[in-house]
Amino acid sequence: MRSRSFTRIRDIAFTLPFLIVLAEAAFMRAGYPEPYPALMMPDFAGTRTSADGSIDVTSIAIGVRFEDGAAAQVPMPALLAPMPRLTMMQASNGALRGPDPASTAMIHWLRGRLAELYPDRRATNLEVQWYRDAYRVDDGVVRRVARVPDVTYHIDLTR
Amino acid sequence: MIDGRTSGRVWDEGYRVSARSLAIFRLLFGTMLLALLLPRYQWIARFPDAFFHPPPGLTSLSSGFPSRAYFMGVDALLIAAAVFLIAGRFVGLASCLISAGLLAGNIWAYSFGKIDHDILLVILPLFLAAAGWHGQSRSRAWPLALFALVISLAMATAAWQKIASGWLDLSASAVLGHSVASAVLVGEPPAWQLALRHLPPAAWELMDYATVGLESAFIILVARASLFRALCGAACFFHLVVAQLMAITFLSNIPAYAAFVDWEDLTVRAGVDHPLDRAQRWLSRRHTWHLLAACGAVSFVYLRWGNPLRLAVSMLGPEHASLPRMLALWMAAVVVVILIVFWLRDRTFVHHSVPLRTATPEDAPALARLINQAFRVEDFFKACDRTSAADIVEMMADGEFLVLDSADGAPTVAVFVSRADRRGYFGMLSVDPRMQGRGLAHRVIDAVENRFRRAGCHSIDIHVVSLRTELPGFYQKLGYVESGTKMFPRPEELTRPCHLIVMTKALASGDGAH
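Let me sum up the structure you'll find in this document. (Residues numbered from 1 in each chain as written. Chains lettered and ligands numbered in written order. Predicted model: local features only at pLDDT ≥ 70, side-chain atom pairs only at ≥ 80, totals over all residues. Heavy atoms only, no water.)

Quick look at the overall build of chain A
No. 1: Scanning chain A from N- to C-terminus turns up four helices and four strands.
No. 2: The secondary structure elements of chain A, listed N-terminal to C-terminal, are α-β-β-α-α-α-β-β.
No. 3: At 23 Å, chain A has a C-alpha radius of gyration far larger than the 15 Å of a compact globule built from 159 residues.
No. 4: With the C-alpha coordinates of chain A rotated into their principal frame, the extents come out at 80 × 45 × 30 Å.
No. 5: Long-range pairs, those at least 24 residues apart, make up 59% of the contacts in chain A between residues at least 6 apart in sequence.
No. 6: Summed over its atoms, the accessible surface of chain A is roughly 8700 Å², and 55% of this surface lies on carbon and sulfur atoms.
No. 7: Of note, chain A has its 19 positive side-chain charges centred 7 Å away from the centre of its 17 negative side-chain charges. (Helix = DSSP H or I, 4+ residues; strand = E, 2+ residues; numbered from the N terminus. Rg over C-alpha atoms; globule rule 2.2 N^0.38 Å. Contact = heavy atoms within 4.5 Å. Areas by Shrake-Rupley, 256 points an atom, 1.4 Å probe, with all protein chains shown as cover. Lys, Arg positive; Asp, Glu negative; His and termini not counted. Charge placed at Lys NZ, Arg CZ, Asp CG, Glu CD.)

Below, the structure written as structure tokens:
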């Protein structure tokens with residue numbers, strides 16, 4: 001036979017998840033970003049087809065210039081490895097976009113990372129170009145129909 | 001409205017799975033942690049604090065990431081806890097450490113601006129520990145019911161946010177939009193080209209609705225355990241489709257769904273229950289120092305070189321990095337298909353009446369063989385056979401053995417039945433091990449209950465050995481409740497102390513089904 005106190009604790013336990021979810025909803029409704037830890041599943045809000053059928057995608061191109069004058073494109077997955085692939089875009093958005101993507105710590109890290117990727121060359125400059133792209137699906141094929149340059153950051157790696 | 005009292009009546013028994021089933025799941029969960037998910041946080045320490053953009057929460061007061069030693073410690077703790085969880089030692093502590101370790105790592109991993117919504121993976125060990133996945137005593141149903149409610153509410157948050165952000169808008173497709181974005185940014189998932197070429201626009205829109213519908217259905221159906229389980233099965237396919245179309249191998253919810261599977265039944269039907277039992281017994285007998293040494297060795301390998309499975313896959317190329325997770329999703333889908341097949345077979349065959357005959361003394365040697373084979377599962381606490389031909393003949397004076405014969409005439413199922421006043425009793429229910437997992441026990445119990453009902457009995461008693469922790473849950477599902485305990489009648493046969501649990505089912509005259 002279960003005691004009254006056990007039953008009461010169990011009743012509270014069954015009520016608690018409702019209260020947690022309500023508190024989370026109130027928190028986000030007040031304009032705050034999603035907290036963690038939280039009892040939430042992904043919303044996948046944002047990226048949808050627009051009225052004309054196009055899909056807006058933010059993309060990034062990272063170019064590196066070396067001491068000898070040569071240049072190369074650095075794929076984001078290579079630069080940010082071993083970060084989980086699905087984290088990279090948001091992480092780049094935080095670290096490689098204003099207000100200060102060229103902090104001393106960031107430059108130090110970029111120098112070290114590029115030295116790992118290009119061990120025989122010395123990188124002097126990094127260009128981070130953000131784009132707003134638009135794609136369409138026509139006849140089962142995805143085509144980029146627009147590319148608008150957004151912001152560009154030139155990061156001097158010799159500082 | 002779901003309140004505690006409602007939950008006590010409706011949820012407790014509907015969500016119950018046997019302690020043995022939970023113990024098998026514990027083994028699977030610990031193995032999954034070690035094989036697929038650990039080490040988990042070593043990459044964080046490689047990035048500078050410029051990447052530190054924490055969400056509101058435990059890390060928002062910090063100015064940057066902790067040192068590498070912190071993440072080494074968290075991963076080593078998780079590895080040790082997973083080893084002890086698999087071994088079935090200090091299970092409560094190991095469960096708490098896994099939850100704490102996952103949280104202690106995740107709060108930093110998700111401070112890069114991206115939250116992976118794997119909170120169910122974090123809290124799962126706490127609920128399962130409360131439910132009794134150590135497997136040493138009776139399982140509890142209410143923690144599983146509470147976990148089901150938590151899952152349902154979490155899924156409801158996803159549905160609610162999708163509805164609020166326009167997923168049900170017929171002029172736009174969210175699944176298509178996200179699939180294109182994933183294909184462009186992350187790479188094309190396996191079925192992407194196929195879906196793109198052959199699916200009409202309406203199918204993409206339908207997927208938006210199906211996603212919201214599935215996520216909403218959890219909270220609608222959570223009060224019905226059987227429907228909730230079916231929904232968990234559907235969700236496994238949902239995550240597989242998402243992985244195929246959007247390159248998101250969202251594995252962390254799969255263990256949460258798998259917690260509700262009757263793993264005992266599945267392993268018995270698949271014929272792997274005995275090897276699993278042996279493996280669990282072998283693991284549980286390891287000395288603590290051996291386990292600590294194993295923790296040290298695994299931690300050293302994992303933290304020095306990385307997860308061996310991931311290393312092996314990385315040799316195939318970076319584009320195959322998600323292969324183990326994809327395979328795990330496929331395996332989950334295969335398990336669901338197997339469960340559906342078993343369910344359909346049971347639905348087709350279980351309710352057919354079975355032709356039971358009364359055994360004669362001439363059947364005694366064959367019955368003794370059958371019963372002793374079926375009761376080999378009790379060898380872990382008994383030092384001798386369950387019965388003998390002489391015992392069976394002696395028992396026939398107090399009742400009768402009912403037998404179900406196979407096509408070749410050999411007894412396949414046997415059960416001893418007797419009655420006194422208007423109380424029925426059955427025991428020694430034995431199914432030929434080669435025929436187990438086909439619903440025969442259910443059919444015979446059904447037939448025995450009908451027999452007692454026709455004889456005017458108002459109740460049935462059974463005796464269950466306390467060490468057979470899986471049996472009370474099995475019989476509870478059939479309507480039996482614990483009504484007392486008794487001493488084990490032949491204690492000299494025991495290698496471990498135990499007693500008998502008396503379980504009783506009231507028989508209503510019109511109660512023809514269980």
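Section: the interface of chain B and chain A
No. 1: Facing the 68 residues of chain B at the interface are 55 residues of chain A.
No. 2: Taken together, the two surfaces of chain B and chain A that pack against each other cover about 5700 Å², and 73% of this comes from carbon and sulfur.
No. 3: On the chain B side of the interface with chain A, the three residues burying the most area are Phe51(B), Pro56(B) and His117(B), jointly 11% of the side's total.
No. 4: At the junction of chain B with chain A, the criterion picks out zero salt bridges.
No. 5: Where chain B meets chain A, there are 11 residue pairs in polar contact (both at pLDDT 80 or more).
No. 6: Listed by contribution, the elements that provide at least two residues to the side of chain B that touches chain A are α1 (4–14), α4 (91–109), α5 (119–131), α6 (142–164), α7 (174–185) and α8 (192–198) of chain B.
No. 7: Per element, the largest residue contribution to the side of chain B that touches chain A is 13 residues, and it comes from α6(B). (Buried area = accessible area lost by both parts, 1.4 Å probe. Salt bridge = Lys/Arg side-chain N within 4 Å of Asp/Glu carboxyl O. Polar contact = N/O pair within 3.5 Å; in protein donor to acceptor, adjacent residues only side chain to side chain.)

A short note on the sheet that holds strand β3 (residues 411–420) of chain B
All names here are of chain B.
No. 1: Spatially, seven strands are ordered β1-β2-β3-β4-β5-β7-β6 in an open sheet, and the strand pairing comes out mixed. Every interior strand has two partners, whereas the edge strands, β1 (357–358) and β6 (481–487), have only one.
No. 2: Relative to strand β7 (residues 499–506), β6 runs antiparallel, the two sharing six bridges. Across the sheet, the residue bridging to Met487 is His499, located in β7. (Pairing = 2+ DSSP bridges.)

Digging into the nonpolar core
No. 1: Core analysis: the largest hydrophobic core is formed by 156 residues, its most contacted members being Phe51(B) and Phe147(B).
No. 2: No other element matches the 14 residues that α6(B) contributes to this core. (Core = buried A, V, L, I, M, F, W, Y, C linked by side-chain atoms within 4.5 Å. Buried < 20%, exposed > 50% of the residue type's maximum accessible area, 1.4 Å probe, protein only.)

Focus: unusual backbone geometry
No. 1: With an omega of 0 degrees, the peptide bond running from Tyr36(A) to Pro37(A) counts as cis.
No. 2: Assignment of secondary structure puts Pro37(A) in the loop between α1 (4–29) and β1 (55–66).
No. 3: Following Leu38(B), the chain continues to Pro39(B) via a peptide bond in cis, the omega torsion being -10 degrees.
No. 4: Take Pro39(B): it is sitting in the loop between α2 (19–37) and α3 (68–87).
No. 5: A positive phi angle, near 45 degrees, is found at Phe90(B), a position not held by glycine.
No. 6: Among the secondary structure elements, Phe90(B) is positioned in the loop between α3 and α4.

Comments concerning the pairing of strand β4 (residues 141–156) of chain A
No. 1: Where strand β3 (residues 123–138) of chain A and β4(A) come together, 13 bridges link them in antiparallel fashion. Across the sheet, the residue bridging to Val137(A) is Val142(A), located in β4(A).

Side note on the environment of His108(A)
No. 1: Tracing the chain through its elements places His108(A) in helix α4 (residues 104–117).
No. 2: Sequence separation between His108(A) and Gln73(A) is 35 residues; the distance between their C-alpha atoms is 19 Å.

Quick word on the packing of α2(B) against helix α13 (residues 273–284) of chain B
All names here are of chain B.
No. 1: At a minimum axis separation of 11 Å, α2 and α13 run at an interaxial angle of 75 degrees. When the axes of α2 and α13 are compared, the pair comes out roughly perpendicular. Side by side, α2 and α13 meet where Arg20, Ala23, Ile24, Arg26 and Leu27 of the first sit next to Asp273, Leu276, Asp277, Gln280 and Leu283 of the second.
No. 2: In the contact of α2 with α13, the residues fall into five nonpolar, one polar and four charged. (Axes fitted to C-alpha atoms, helices over the stretch in contact; angles between N-to-C directions. Parallel < 35°, antiparallel > 145°, perpendicular 65-115°, else oblique. Nonpolar A, V, L, I, M, F, W, Y, C, P; charged D, E, K, R; others polar.)

Some details on the sheet that holds β4(A)
All names here are of chain A.
No. 1: Taken in spatial order, the four strands of this open sheet run β2-β1-β3-β4, and their pairing is antiparallel. Of all the strands in the sheet, just β2 (71–73) and β4 have a single pairing partner and so form its edges. Within the sheet, the average angular offset between the axes of one strand and its neighbour, ignoring direction, is 25 degrees.
No. 2: Against the sheet, helix α3 (residues 88–95) engages β1 and β3, with an angle of about 65 degrees to β1.

As for the pairing of strand β5 (residues 459–465) of chain B
Two faces make up the sheet, and in a regular strand the side chains alternate between them.
All names here are of chain B.
No. 1: Across the seven residues of β5, six count as buried, placing the element largely inside the fold.
No. 2: As paired elements, strand β4 (residues 423–431) and β5 share three bridges and run parallel to each other. Bridging across to β5, Gly424 finds its partner in Ile460.
No. 3: The β-α-β motif built from β4, the intervening helix α19 (residues 440–454) and the parallel element β5 has right-handed crossover chirality.
No. 4: For β5 and β7, the ladder comprises seven bridges, and the chain directions are antiparallel. The residue bridging Val464 from the neighbouring strand is Ile501, located in β7. (Right-handed = clockwise from strand over helix to strand, strands pointing away.)

Let's talk about empty space enclosed by the protein
No. 1: Taken as a whole and assessed by the stated rule, the structure comprises two cavities of 30 Å³ or more.
No. 2: What the largest cavity holds in volume is close to 50 Å³.
No. 3: Counted by class, the lining of the largest cavity contains two nonpolar, one polar and six charged residues.
No. 4: Its boundaries defined by the atoms lining it, the second largest cavity holds a volume of some 30 Å³.
No. 5: The wall of the second largest cavity is formed by Glu34(A), Pro35(A), Tyr36(A), Ala38(A), Met40(A), Ile115(B), His117(B), Asp118(B) and Ile119(B).
No. 6: For the lining of the second largest cavity, a count of residues per class yields six nonpolar, one polar and two charged. (1 Å grid on protein atoms, 1.4 Å probe; cavity = no way out; pocket = protein on both sides within 12 Å on 5 of 7 lines; lining within 4 Å. Points joined across faces, edges and corners; volume = space filled by probe spheres on them.)

Section: the packing of aromatic side chains
No. 1: Considering all chains together, one arrives at 36 aromatic pairs over all chains under this definition.
No. 2: Relative to Phe65(B), the ring of Phe52(B) lies with its centre 5.1 Å away and its plane at 80 degrees, an arrangement referred to as edge-to-face. Of this pair, Phe52(B) sits in the loop between α2 and α3 while Phe65(B) sits in the loop between α2 and α3; the two residues are 13 residues apart in sequence, bridging distant segments of the chain. In this pair, the class of Phe52(B) matches that of Phe65(B), namely buried.
No. 3: An aromatic cluster is defined as three or more aromatic residues linked by ring pairs; in this entry it consists of Trp109(A), Trp43(B), Phe47(B), Phe51(B), Phe52(B), Phe65(B), Tyr70(B), Phe71(B), Trp108(B) and Phe112(B). (Phe/Tyr/Trp six-rings, centres within 6.5 Å; stacked < 30°, edge-to-face > 60°.)

Quick word on α6(B)
Residues and elements named next belong to chain B.
No. 1: In this model, α6 (23 residues) spans 33 Å end to end at C-alpha, consistent with the 33 Å of a helix rising 1.5 Å per residue.
No. 2: Of all 23 residues making up α6, 19 are buried, and the element is well covered by its neighbours.
No. 3: At the C-terminal side of α6, Gly166 shows a positive phi close to 95 degrees. (Expected span 1.5 Å × (residues − 1).)

Topic: the environment of Asp116(B)
Residues and elements named next belong to chain B.
No. 1: With respect to the helices, strands and loops of the structure, Asp116 is situated in the loop between α4 and α5.
No. 2: On the basis of relative accessibility, which here comes to 27%, the residue Asp116 falls in the partly exposed class.
No. 3: Asp116 sits 136 residues away from Ser252 along the chain, and the two C-alpha atoms are 9.2 Å apart.

Take it as geometry only, folks, not as evidence of what the structure does.
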